[in-house]
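Here is how the chains run, residue by residue.
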Amino acid sequence: MSSLVKEDLAKRLFGPRRLQLQEFIEVEGSGAGRCYLCAAVTKSEEVEICMVKHFRVDQEEKYEVVEKWFLKDLEMIDGKEADTDNPYFDMHFHKVYSLEAYSCASKYTFARTLNKLNEMYLKKDLKIVNFDDTYLNDDSIWSSNNRDCLVLMRICFYASNLLSNALVSYKLHNFFTTLQEVC
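Calculation rules
Residues numbered from 1 in each chain as written. Predicted model: local features only at pLDDT ≥ 70, side-chain atom pairs only at ≥ 80, totals over all residues. Heavy atoms only, no water. Pairing = 2+ DSSP bridges. Helix = DSSP H or I, 4+ residues; strand = E, 2+ residues; numbered from the N terminus. Axes fitted to C-alpha atoms, helices over the stretch in contact; angles between N-to-C directions. Contact = heavy atoms within 4.5 Å. Core = buried A, V, L, I, M, F, W, Y, C linked by side-chain atoms within 4.5 Å. Buried < 20%, exposed > 50% of the residue type's maximum accessible area, 1.4 Å probe, protein only. Phe/Tyr/Trp six-rings, centres within 6.5 Å; stacked < 30°, edge-to-face > 60°. Lys NZ or Arg CZ within 6 Å of the ring centre and 35° of its normal.

Trainee: I'd like to hear about the sheet that holds strand β6 (residues 88-92), residue by residue, with values.
Mentor: Spatially, the four strands line up as an open sheet ordered β7-β6-β5-β8, and their pairing is mixed. Two strands lie at the open edges of the sheet, namely β7 (96-100) and β8 (127-129), each paired on one side alone. Sheet twist, expressed as the mean angle between neighbouring strand axes with direction ignored, is 15°. By the bridge criterion, three bridges tie strand β5 (residues 76-78) to β8 in an arrangement that is parallel. Bridge pairing in β8 links Ile-77 to Ile-128. Of the strands in this sheet, β5, β6 and β8 are in contact with helix α2 (residues 104-122), which crosses β6 at around 25°.

Trainee: An account of the nonpolar core is requested, with residue identities and associated values reported.
Mentor: Within the largest apolar cluster, 29 residues are counted, with the highest numbers of intra-cluster contacts made by Leu-37, Ile-49, Leu-74 and Met-91. Broken down by secondary-structure element, the contributors of at least two residues to this core are β1 (19-27), β2 (34-42), β3 (47-57), β6, β7 and α2. Among the elements that take part in this core, α2 stands out by supplying six residues, more than any other. In this structure Leu-74 touches Ile-49, Met-91, His-92, Phe-93, Leu-114, Lys-124 and Leu-126, once residues within four positions along its chain are discounted. Judged by nonpolar contacts, the second largest core, of 13 residues, contains Val-5, Leu-13, Cys-50 and Val-52.

Trainee: Account for the packing of aromatic side chains, naming residues and giving values.
Mentor: Between two aromatic rings, the relevant description is the distance of the centres plus the angle of the planes. In this structure the tally under the stated criterion is five aromatic pairs. A centroid spacing of 5.0 Å and a plane angle of 10° characterise the contact between Trp-69 and Phe-93, whose relative ring orientation is stacked. A residue pair is termed long-range when its members are at least 10 positions apart, and Trp-69 in strand β4 (residues 60-70) and Phe-93 in the loop between β6 and β7 qualify at 24 residues. Comparing Trp-69 with Phe-93 shows no difference in burial state: the two are buried. Seen in terms of ring centroids, Tyr-108 and Phe-131 are 5.0 Å apart; in terms of plane orientation they differ by 85°. Their pairing is edge-to-face. In this pair, Tyr-108 is assigned in helix α2 and Phe-131 in the loop between β8 and α3 (133-136), connecting sequence segments 23 residues apart. Of the two residues, Tyr-108 and Phe-131, both sit in the buried class. Three or more aromatic residues joined by ring pairs form one cluster here, namely Trp-69, Phe-93 and Tyr-97. Positioned above the aromatic ring of Phe-70, the side-chain terminus of Lys-72 is 5.8 Å from the ring centre. Just above the ring of Phe-131 sits the side chain of Lys-107; from NZ or CZ to the centre is 5.4 Å.

Spatial relationships are all this shows, so hold off on functional conclusions.
Put into structure tokens, the structure is as follows:
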């Protein structure tokens, strides 16, 4: 579902504005409709962060940019509490914007994206506080991009234990059969 929304956002809102949408997350908004927090790159390689309101007029999907900032102006992202699973975070520009993501995972996804875009285009000291570094770093095995690897590792570990237990059982069975024959 989210890939369809991303494709629609890219086609209807970001494409005509000559921006390349990198990431978006759903956030709590006021009033009817949904709100998305988006990160996009301009032709001049500036990173734009914007709040987009999504609504329907008759049968047509509409998107409207209601707030816009640039990554270069972002002073800090505050995840509120690193040791709890919560979707709340603050973005510090000239003013502090308190946001609630759809989930804690999407909050981390957006922070990872901004961090990656900062490394690619700005290379400034972006403060990301009150996030668990284990989940924030893209190279971590626990990051959302590597979830498949984590699942595969768990399956392999489980299978290894099963095989190990089966081998031990087989050896014990042979040992007791041999012992029984000797006695």
